[in-house]
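Spelled out from the first residue to the last, the chains are:
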Amino acid sequence: MRSSIPLPGNPWPPNMVITVVDDSQALLELLWIREAWRLRPKGRDLPPALADRPALVSAPQRSAAPIVEWQQEWPVIWEAALLHAGTPQSLDVFDRLNNSAIGSDERARILRELVGPSWRERFGSDAMAEDAEQWRSTLLGLRMNRTPPTPEEQPEHAALGELIEAWRAGLTIIVEIPCSGPFTRRLGTHAILVTAETRADPQRYRAALAEFR
């Protein structure tokens, strides 16, 4: 996003561009898998529970699944997918994709660069019950059905002072996850991770952005 109001006195720097990633399929699938399959992964800085809890898979399904392996691998895949979501995309990635031959190794490499690491890449679709897509569709549908905020109503405008300072320190991407409570992580040199609750709360959001220095 950038300011759409080029008026004198508009405090949004004209060259400040901020990307908000709130619909990453890889991250949403990982969060759904953790809760629906009742995984208990261990690791540092793992996100809190989903605000909208999905239905659990049945006990027989869980008993037949490689839960121990999934729990061990979940934090590894989460970290890789998270860092990809917070990494600025190469400006020519779509041009390179369009110019690559269908079925070629080059095209596969570019697609992976674009999509990034995911649970499906490691384990296939075995864990992806029908409820997963239904949960994700409902989540995105509720978001799309809300009245779109005006530019001035965007959370970034409510925390503009802190956002500008963070942008000057290198911030260009804000990754939002639909988890409960406050949770903030810096992702490399250009991104920050926040929960939807944090981004919706001006005071919390300002405090989160202030951490990016």
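Residues numbered from 1 in each chain as written. Predicted model: local features only at pLDDT ≥ 70, side-chain atom pairs only at ≥ 80, totals over all residues. Heavy atoms only, no water.

Enquirer: Quick question: what am I supposed to make of the nonpolar core here?
Expert: Looking at soluble globular proteins, one finds that nonpolar side chains tend to be buried together. Membership of the largest hydrophobic core comes to 38 residues, with the highest contact counts inside it found for W32, W37, W70, W78, W119 and V175. At the level of secondary structure, the elements contributing two or more residues to this core comprise α1 (25-36), α3 (67-85), α6 (119-123), α7 (130-145), β2 (173-177) and β4 (191-195). Other than its neighbours up to four places away in sequence, W37 contacts W32, V57, Q61, R62, A65, I67, W70, D126 and A127. With 17 residues, the next largest nonpolar core counts L160, W167, I192 and A208 among its residues. (Core = buried A, V, L, I, M, F, W, Y, C linked by side-chain atoms within 4.5 Å. Buried < 20%, exposed > 50% of the residue type's maximum accessible area, 1.4 Å probe, protein only. Helix = DSSP H or I, 4+ residues; strand = E, 2+ residues; numbered from the N terminus. Contact = heavy atoms within 4.5 Å.)

Enquirer: What's the story with the pattern of salt bridges in this structure? I'm lost.
Expert: Any two side chains of opposite charge can pair, so long as their charged atoms come close to each other. Inspection of every chain in the model, using the stated rule, returns 10 salt bridges. Between R120 and E29 there is a salt bridge, and its shortest N-O distance comes to 2.9 Å. Here E29 lies in helix α1 and R120 lies in helix α6, a separation of 91 residues in the sequence. With a relative accessible area of 35%, R120 lands in the partly exposed category. Connected through salt bridges with shared partners, the residues E69, E73 and R122 form a single ionic network. (Salt bridge = Lys/Arg side-chain N within 4 Å of Asp/Glu carboxyl O.)

Enquirer: Can you help me understand the sheet that holds β2 in this one?
Expert: Strand pairing in a sheet relies on backbone hydrogen bonds. The paired strands run either parallel or antiparallel. Judged by pairing direction, the sheet is mixed, and its 4 strands sit side by side in the order β1-β2-β4-β3 without closing on themselves. Because the sheet does not close on itself, it has two edges, and the strands there are β1 (19-21) and β3 (184-187). Direction aside, neighbouring strands of the sheet carry axes that sit 20° apart on average. Helix-sheet contacts for α3 involve β1, β2, β3 and β4, and the interaxial angle to β2 is about 135°. (Pairing = 2+ DSSP bridges. Axes fitted to C-alpha atoms, helices over the stretch in contact; angles between N-to-C directions.)

Enquirer: Where do I start with the packing of α1 against α3 in this structure?
Expert: For any two helices packed against each other, one specifies the inter-axial angle together with the distance between the axes. Interaxial distance between α1 and α3 falls to 9 Å at its minimum, and their mutual angle equals 155°. As summarised for this structure, α1 and α3 are arranged roughly antiparallel, according to the angle between their axes. As α1 packs across α3, the resulting crossing turns out to be left-handed. The residues of α3 that touch α1, namely those facing A26, L27, L30, L31 and R34, are W74, I77, W78, A81, L82 and A85. Here the residues of the contact of α1 with α3 sort into 10 nonpolar, no polar and 1 charged. (Parallel < 35°, antiparallel > 145°, perpendicular 65-115°, else oblique. Left-handed = near helix turned anticlockwise from the far one by under 90°. Nonpolar A, V, L, I, M, F, W, Y, C, P; charged D, E, K, R; others polar.)

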